[in-house]
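What the coordinates show
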Amino acid sequence: MSSNSPRRPSSLIGWLLRWHPRLGAVVGLAIIAWGLSGLAHPIISRIQPSAEAYLYKLEAFSTADLLSVSEAAKRAGLTQSLTAVRLLAWQNQAYYRLQTDSDIIWLNANSGAVVDNAERDYAVFLARHYLGDQHSAVKSLSLQTEFDEDYVFVNRLLPVWRVAFEREDGMRVYVDTASDRLGTVVNNTKAATSVFFRNVHSWIFIKNDSLRLTLMSICLVGGGVIALAGLLQYFLQWRAGRGWRQGRSALKVHRLLGVTVAITAVTFTGSGLYHLWQKQFVLQPVAVPTQSVAAAQLAVNWSAVNANIVQADMVAIDGQAYFRTWYEGELHYIDARDGEALNDGERLHAIALAAQYMPTDAPIKATRTVESFNDEYGFVNKRLPVIAVDYERADHLSVYVEARSGALATVVRDADRYEGFSFAFLHKWHFIDGLGHTPRDIISACFAAGIALTFSLGMFLFIRRAR
C-alpha cells in the first residue's frame, strides 16, 4: 500500500461512528430543547413587561397626636395577640397595620377607628403606582399565599396581593402590602413565555421530582459525553485523512458546527448538571415560629421618640418586641414598651435571625450589610438590603437575612459558592460581562443555537441513515 494512502479508521473510530449517532438520538431532543430555550431566554427577557416604578417611597409624618398601639387597639376593641405591627402614613393619614393569626386590620393611628377595606385599597394603590396605570378598572383582587404557574418561586415574596386589571394584555400586578414592595408584573405574553421556558428548560411537566432529576441528569451527562465523543471522532478522522470536507453537505455542516460548539456544549451541560444536583443538597433552615405579642405590651409613646417618623415595624430580638423605626434619615431600634433605644439594634437583630434559621455553635466572624447584588448574593435572591452573618466554620457559612421582614434571604457555603461561580461563568457567560449585557446575550445565544442545530443535524443524519 502506498505511503500516501489514507490510514484506515482505527477500531476506536469505528466504535465512535457506530455509537456517537445512536447516543445522540437518545438525548438529542432534550439537548435541542435546552438549546432552543437557551436561545429564547434573552429574547424572552426583552419582551417582558416592565413596571413604571420599582420603589415606593414613604413620607415622614408627625407623631404629635399618635396613639400607642395598645391604646389604639383598646379603642378598637381588639383583644387578639398581634403577629405583625406596622406604622405608616398613606394619603396624609397615619395608620397601624395590625396582623393577627387570622386577619389584617387597619386602624387610624390618631383615633383608633377601624378602617374598612384599607388592606385591599392599599394593595390596589400600590399596584397602580408600580404599573403607572391610574385608569384601568380592577378585574379581580385576591390574596396569594402560595407560588403557582403565574407567580413563580423566583419572585420570593409571600403573601402578596394579586391585582388583575381590565386590559387587553391581561396585566396583573403582585404587591406585598407588608413592605410596600412589588413582587412582579405579569401580562399574557410573560405568562406564556414563562410556561414555555419552565416546561422546555426546567421540565416542570414531569411532576415527580425524582424522575425529573434522573431524566435530566441522564440527558445532561449524555449531551456532554456526545459532544466530547464528537470532538474526539473528528480529531481521529482528521488524523486519518478524513476531515470535515468529506461527505454530504449536511454531514459537513454537522461536523463543522460540532467542532465549533463542542466545548461550549460540555460547559453548558456540565454546569447545568452541577447546578441541578447542588440544589439537592442545600441546607434546610429551621422553621421559625411566628412571634405573637399582646397589644397591651406595645405602649411606646411616639411623640417622645421623635417629632416625625417615616415608618415603624415590629420585630423580635430574643423574645423581646422592638420597633424598627426610621426617622431623621437613620434607622433606630426602640423598645416597644417604653421607646428606649437599642444600640447596634440591626446587627443584633440579624444575628438573632441567623441563629433562629440556621443554628450553629460556630463563632461569628463578621456581619456585613449587602446593598447590591454580587457574585455570591445574586439577583435571584431578590431581597435587598440584607445582612450577611459570616461564621468561622470550615465551609465558611454565611447566612443572609432581611431585617426588614425577618426573612431568611439565602444560605451560602463554599459548595454553593463554587456552584454559583460555575453557573454564572459557564452557563450564563458572565465572564464576558465586560462586553456589555446585550453582546454577552447575543454570543451565548448564538452558541446555544449552534448546539441545537448540531444535534438537529445529527438526528437528521441518523434517521436518514436508518431509513
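Residues numbered from 1 in each chain as written. Predicted model: local features only at pLDDT ≥ 70, side-chain atom pairs only at ≥ 80, totals over all residues. Heavy atoms only, no water.

Some remarks on the packing of aromatic side chains
Cut-off, in case you're wondering: We call Phe, Tyr and Trp rings a pair once their centres come within 6.5 Å, taking the six-membered ring for Trp, and we label the pair stacked below 30 degrees between planes, edge-to-face above 60, and tilted otherwise. Put simply, DSSP H or I for four residues or longer makes a helix, DSSP E for two residues or longer makes a strand, and each gets a number counted from the N terminus. Categorising residues by exposure relies on relative accessible area from a 1.4 Å probe, with only protein chains included: less than 20% of the type maximum marks a residue as buried, more than 50% marks it as exposed, and the intermediate range marks it as partly exposed.
Inspection of every chain in the model, using the stated rule, returns 22 aromatic pairs. Here Tyr 377 and Tyr 400 contribute two aromatic rings whose centre-to-centre distance is 4.8 Å and whose plane-to-plane angle is 20°, an arrangement assigned as stacked. Of the two residues, Tyr 377 sits in the loop between strand 13 (364-370) and strand 14 (386-391) while Tyr 400 sits in strand 15 (residues 398-402), which places them 23 residues apart along the sequence. Grouping residues by exposure puts Tyr 377 and Tyr 400 together as buried. On the basis of an interplanar angle of 40° and a centroid distance of 5.4 Å, the ring pair of Trp 429 and Phe 431 is categorised as tilted. A connected cluster of aromatic rings, assembled from ring pairs, spans Tyr 56, Trp 90, Tyr 95, Trp 106, Tyr 122 and Phe 125.

Considerations on the pairing of strand 6 (residues 160-165)
Convention followed: Strands are treated as partners if at least two bridges between them are detected by DSSP.
Buried residues dominate strand 6, accounting for 5 of its 6 residues. As judged from the 6 bridges shared by strand 5 (residues 138-144) and strand 6, these two strands associate in the antiparallel manner. Residue pairing in the sheet places Gln 144 in a bridge with Val 160 of strand 6. By the bridge criterion, 4 bridges tie strand 6 to strand 7 (residues 172-176) in an arrangement that is antiparallel. From the neighbouring strand, Trp 161 faces strand 7, where its bridge partner is Val 175. Here strand 6 hands over to strand 7 after 6 residues, with Gly 170 in that stretch at a positive phi of 65°.

What about the pairing of strand 16 (residues 407-412)?
The buried fraction of strand 16 amounts to 5 of the 6 residues, a majority that puts the element mostly inside the structure. The antiparallel pairing of strand 15 with strand 16 creates a hairpin that spans 4 residues between the two strands, and Gly 406 there sits at a positive phi of about 75°.

Some remarks on the sheet that holds strand 5
The condition that has to hold: The convention used is that axes are lines fitted to C-alpha atoms, helices contributing only their stretch in contact, and that angles between N-to-C directions extend from 0 to 180 degrees. By the convention used here, residues are in contact when the closest approach between their heavy atoms is within 4.5 Å.
With antiparallel pairing, 4 strands are arranged side by side in an open sheet as 5-6-7-8. Every other strand in the sheet has two partners, leaving strand 5 and strand 8 (181-186) as the edge strands with one partner each. Taken over all neighbouring pairs, the strand axes of this sheet differ in orientation by 20° on average, direction set aside. Helix-sheet contacts for helix 3 (residues 118-131) involve strand 5, strand 6, strand 7 and strand 8, and the interaxial angle to strand 6 is about 65°. The strands touched by helix 4 (residues 188-200) are strand 7 and strand 8; relative to strand 8, the strand with the most contacts, the crossing angle is about 80°.

Details of the sheet that holds strand 3 (residues 93-99)
Strand pairs in the sheet, formed through backbone hydrogen bonds, run parallel or antiparallel to each other. Within the open sheet, the 6 strands sit side by side as 4-3-2-10-11-12. Their pairing is antiparallel. Each edge of the sheet is formed by a strand with only one pairing partner; in this case those strands are strand 4 (104-108) and strand 12 (330-335). Across the sheet, the mean angle from the axis of one strand to that of its neighbour is 25°, orientation sign disregarded. Note: strand 2 (residues 84-90) against strand 3, 7 bridges, orientation antiparallel. Across the sheet, the residue bridging to Leu 87 is Tyr 96, located in strand 3.

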